[in-house]
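Listed here are the chains, written in short residue letters.
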Amino acid sequence: MELLRVASLSLSYKTRKGPLKAVNNVSFSIKKGETLALVGESGSGKTSTATAILRIVPRNVHEFKGIIELEGVNLMKLSEDELRRNIRWKKISMVFQGAMEALNPLMKVGDQIAEPLIIHQGYHKEEAMERVKELLRMVGLPEYVAERYPHELSGGMKQRAVISMALALQPIIVILDEPTSALDVITQANLMNLLKELKWKLGISYIFITHDLPLASELADKVAVMYAGRIVEIGPAEQIYLDPKHPYTKKLIFSVPALRMERAPMFIPGEPPNLINPPPGCPFSPRCDEKIEICEKEVPTLKEIDPEHMVACWLY
Ligand SMILES: Nc1ncnc2c1ncn2[C@@H]1O[C@H](COP(=O)(O)OP(=O)(O)OP(=O)(O)O)[C@@H](O)[C@H]1O
Ligand SMILES: [Mg+2]
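The structure presented is a predicted model; accordingly, all values stated were derived computationally and were not measured.

Caption draft 1: Spotlight on the side chain of Lys245. Mapped onto the elements of the fold, Lys245 is located in the loop between helix 8 (237–242) and helix 9 (247–254). Take Lys245: its relative accessible area is 17%, and that puts it in the buried class. Dropping the residues within four chain positions of it, Lys245 is found in contact with Glu233, Lys250, Ile305, His309, Val311 and Tyr316.

Here is the structure:
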């Protein structure tokens with residue numbers, strides 16, 4: 001059975017200019033222990049998809065629909081109270097984009113990790129501090145970090161601390177929203193190793209969000225490429241990285257600097273489409289140098305081109 005099945009998920013926001021479709025008919029599934037990467041440029045709907053899975057939607061939501069099935073239970077049908085008590089942080093947790101910069105500067109790191117355990121889980125102070133030490137060890141941080149304030153830690157250490165918070169209640173899925181984007185290359189590589197190690201030791205699944213497709217393919221089993229709120233290509237990580245089909249995926253791979261390639265990153269010309277009044281046809285067509293006539297008229301749907309590998313492009 002699938003661990004998580006997301007089907008026809010759509011989320012739009014009310015704006016002054018009309019509804020903005022941030023997540024448009026997104027479907028994917030994850031098996032136990034599997035990692036899915038959500039990859040795309042800024043504004044493609046990655047964070048919106050992630051927060052929708054936890055049903056953390058902002059007040060200005062216009063429409064929110066679809067199926068989010070965790071171990072066979074549709075989370076869309078649960079009450080807010082059931083979600084809070086049984087699902088969020090316990091089954092699915094999230095390291096929010098920029099979380100390491102959102103640590104409370106006035107509070108010791110250990111107290112910040114312990115706080116939710118004390119308030120929501122009824123831990124006593126000493127019990128919670130024991131768990132904090134365990135969690136710090138798990139993410140490769142020395143115990144003394146508990147006594148430090150956030151500004152006393154490096155970026156990599158802060159990111160490990162926020163990851164330890166997400167692990168506190170032993171979730172089966174951890175959503176990581178751009179966990180490495182504020183870090184230098186070496187720190188990023190160390191953090192990726194930690195994530196791999198935790199995945200292997202704890203058997204957890206990640207939803208790993210990044211704009212860096214080569215990086216994603218290091219950790220992920222499956223990659224979903226998002227453009228303008230839609231998944232435009234999804235498949236086994238290795239296939240997507242080594243044999244990308246969608247013209248956007250190809251450009252995305254070459255848009256990040258690579259250590260082993262002797263070339264400069266290539267920017268993708270043009271900008272992502274307006275999500276309030278999207279142009280007709282394929283949302284990528286205005287920027288696509290492989291487009292054919294139909295691309296500007298009709299939106300392509302996902303087609304299976306290899307087992308488990310789907311692409312939404314009129315060239316296939
Ligand atoms: N509360 C909101 N109200 C209106 N529009 C929103 C809201 N939140 C996000 N958006 C818009 O929805 C679209 C998708 O945003 P989202 O944050 O999901 O993208 P993202 O892929 O995570 O981007 P980034 O890589 O920059 O984090 C964007 O156009 C964004 O401006
Ligand atoms: Mg985001």
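Caption draft 2: How the structure looks around helix 4 (residues 125–138). Taking 1.5 Å per residue as the helical rise, helix 4 with its 14 residues ought to reach 20 Å, and the 20 Å between its terminal C-alpha atoms agrees with that figure. When we look at burial in helix 4, the residues that qualify are Ala128, Met129, Arg131, Val132, Leu135 and Leu136. For helix 4, the buried positions fall inside an angular range of 160 degrees around the axis, keeping them on one side. In this structure, helix 4 carries Glu126 and Arg137 as exposed residues pointing more than 90 degrees from its buried face. On its buried side, helix 4 packs onto helix 3 (109–121) and helix 5 (155–167). Trailing helix 4 by a residue or two, Gly140 shows a phi angle of about 75 degrees, which is positive.

Caption draft 3: Inspection of the coordination of the magnesium ion (ligand 2) at higher detail. Taken together, the protein donors to the magnesium ion (ligand 2) comprise Thr47 (OG1) and Gln97 (OE1), at separations of 1.9 to 2.3 Å. One end of the pair, Thr47, is in helix 1 (residues 46–53); the other, Gln97, is in the loop between strand 6 (92–95) and helix 3, with 50 residues separating them in the sequence. For Gln97, a relative accessible area of 46% corresponds to the partly exposed category.

Caption draft 4: Structural view of the sheet that holds strand 5 (residues 73–74). Pairing is antiparallel in the open sheet, where four strands are placed in the order 2-1-4-5. Two strands lie at the open edges of the sheet, namely strand 2 (20–30) and strand 5, each paired on one side alone. Here strand 1 (residues 4–13) runs beside strand 4 (residues 61–70); their pairing, made up of eight bridges, is antiparallel. Its bridge partner lying in strand 4, Tyr13 is registered against Val61. Of the strands in this sheet, strand 1, strand 2 and strand 4 touch helix 1, which is tilted by about 115 degrees from strand 1.

Caption draft 5: How the structure looks around the packing of aromatic side chains. Within the structure shown, the criterion is met by four aromatic pairs. One aromatic cluster is present, built from ring pairs that chain together Tyr227, Tyr248 and Phe284. One residue, Lys303, lies across the ring of Trp314, its end atom 5.0 Å from the ring centre.

Caption draft 6: Molecular detail of the pattern of salt bridges. Per the counting criterion, the structure on display carries 22 salt bridges. In this structure, the salt-bridge partner of Lys91 is Glu71, at a minimum N-O distance of 3.2 Å. In this pair, Lys91 sits in the loop between helix 2 (80–87) and strand 6 while Glu71 sits in the loop between strand 4 and strand 5, placing the two residues 20 residues apart along the sequence. Since its relative accessible area comes to 36%, Glu71 is described here as partly exposed. One connected set of salt bridges, linked through shared partners, spans Asp81, Arg84 and Arg85.

Caption draft 7: Region of interest: the pairing of strand 4. Alignment of strand 4 against strand 5, held across two bridges, turns out to be antiparallel. From the neighbouring strand, Leu70 faces strand 5, where its bridge partner is Val73. Where strand 4 folds back onto strand 5 in an antiparallel hairpin, the turn is made up of two residues, including Glu71, whose phi is positive at roughly 45 degrees.

Caption draft 8: Representation of the pairing of strand 1 in the model. Burial analysis of strand 1 places eight of its 10 residues in the buried class, the great majority of the element. Direction of pairing for strand 1 relative to strand 2: antiparallel, over a ladder of seven bridges. Looking across to strand 2, one finds that Val6 is bridged to Phe28.

Definitions and limits used
- Residues numbered from 1 in each chain as written.
- Chains lettered and ligands numbered in written order.
- Predicted model: local features only at pLDDT ≥ 70, side-chain atom pairs only at ≥ 80, totals over all residues.
- Heavy atoms only, no water.
- Helix = DSSP H or I, 4+ residues; strand = E, 2+ residues; numbered from the N terminus.
- Buried < 20%, exposed > 50% of the residue type's maximum accessible area, 1.4 Å probe, protein only.
- Contact = heavy atoms within 4.5 Å.
- Expected span 1.5 Å × (residues − 1).
- Arc of directions from axis to C-beta.
- Donors = N, O, S within 2.8 Å, 3.2 Å for Na, K, Ca; no water.
- Pairing = 2+ DSSP bridges.
- Axes fitted to C-alpha atoms, helices over the stretch in contact; angles between N-to-C directions.
- Phe/Tyr/Trp six-rings, centres within 6.5 Å; stacked < 30°, edge-to-face > 60°.
- Lys NZ or Arg CZ within 6 Å of the ring centre and 35° of its normal.
- Salt bridge = Lys/Arg side-chain N within 4 Å of Asp/Glu carboxyl O.

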